[in-house]
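Structural features, examined
The primary structure of each chain is shown beneath.
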Amino acid sequence: VQLQACGGGLVQAGGSLRLSCAASGRAFSNYKMGWFRQGPGKEREFVAAISRSGGGTSYADSVKGRFTISRDNAKNTMYLQMNSLVPEDMAVYYCAADLSYSAVIRTAPQRYDYWGQGTLVTVSS
């Protein structure tokens, strides 16, 4: 499984960005997906995750109501729509794949099996 995240960039506070994560290799629809981020001097933290079908989602409290995770299994791609960005959202964002058989959407990074390279989101105040 290879994951390629893109879509990061510089945005003003209050603005929006959409991240994409393209997957190759094994069948994309077989695995749950997640977004994580790591800010300067911080540990990697959970942002959002989505079930295999896209029917189930989970969000960190800090992004609820502002971010939306989605996936298009026909395109082997996952998305993160980020609205109302604040400086605290500035981080490197990583996409990750969870290949476990469980239907449970996981939030711990150590539960994820494959990771993309990260894309930088910078939010100016």
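Provided above is the structure to which this section pertains.
Everything quoted here is computed from the prediction, not taken from an experiment.

Turning our eyes to something else, we now look at the overall build of the protein. The secondary structure content of the protein amounts to zero helices and eleven strands. Counting from the amino terminus, helix and strand elements in the protein follow one another as β-β-β-β-β-β-β-β-β-β-β. With the C-alpha coordinates of the protein rotated into their principal frame, the extents come out at 40 × 25 × 25 Å. In the protein, 58% of the contacts between residues at least 6 apart in sequence involve partners at least 24 apart. Averaging the positions of the 13 positive and the 8 negative side-chain charges in the protein gives two centres separated by 6 Å.

Across all of its chains, the model carries one disulfide by this definition. Between C21 and C95 runs a disulfide, and the two sulfur atoms are separated by 2.2 Å. Residues C21 and C95 share a disulfide whose torsion about the S-S bond is about 65 degrees; that sign makes it right-handed. On the criterion of sequence distance, the pair formed by C21 in strand β3 (residues 17-24) and C95 in strand β9 (residues 91-98) is long-range, its members being 74 residues apart. Judged by relative accessible area, which is 0%, C95 ranks as buried.

Its location among the elements puts K32 in strand β4 (residues 32-38). A distance of 2.6 Å separates a polar side-chain atom of K32 from the backbone oxygen of S102.

The subject of this paragraph is the packing of aromatic side chains. How two aromatic rings sit relative to each other is set out by the distance from centre to centre and by the angle between their planes. A full pass over the atoms with the stated rule returns six aromatic pairs. Here F36 and Y112 contribute two aromatic rings whose centre-to-centre distance is 5.0 Å and whose plane-to-plane angle is 75 degrees, an arrangement assigned as edge-to-face. Residue F36 is found in strand β4, and its partner Y112 is found in the loop between β9 and β10 (114-115); the two are separated by 76 residues along the sequence. Across the pair, exposure class does not vary: F36 and Y112 are buried alike. A cation over an aromatic ring shows up here: R44 above the ring of Y94, its NZ or CZ 3.8 Å from the ring centre. The cationic tip of R44 hangs over the ring face of W115; the distance from NZ or CZ to the ring centre is 4.7 Å.

Pairing within the open sheet is antiparallel, and its four strands lie in the order β1-β3-β8-β7. Strands with a single pairing partner mark the edges of an open sheet, and in this sheet they are β1 (2-6) and β7 (67-72). Averaged over neighbouring strand pairs, the angle between their axes works out to 15 degrees when direction is ignored. Inspection of the sheet shows β1 paired to β3 by five bridges, in the antiparallel sense. Bridge pairing in β3 links Q4 to A22.

So, how was this worked out
- Residues numbered from 1 in each chain as written.
- Predicted model: local features only at pLDDT ≥ 70, side-chain atom pairs only at ≥ 80, totals over all residues.
- Heavy atoms only, no water.
- Helix = DSSP H or I, 4+ residues; strand = E, 2+ residues; numbered from the N terminus.
- Contact = heavy atoms within 4.5 Å.
- Lys, Arg positive; Asp, Glu negative; His and termini not counted.
- Charge placed at Lys NZ, Arg CZ, Asp CG, Glu CD.
- Disulfide = S-S within 2.5 Å.
- Buried < 20%, exposed > 50% of the residue type's maximum accessible area, 1.4 Å probe, protein only.
- Polar contact = N/O pair within 3.5 Å; in protein donor to acceptor, adjacent residues only side chain to side chain.
- Phe/Tyr/Trp six-rings, centres within 6.5 Å; stacked < 30°, edge-to-face > 60°.
- Lys NZ or Arg CZ within 6 Å of the ring centre and 35° of its normal.
- Pairing = 2+ DSSP bridges.
- Axes fitted to C-alpha atoms, helices over the stretch in contact; angles between N-to-C directions.

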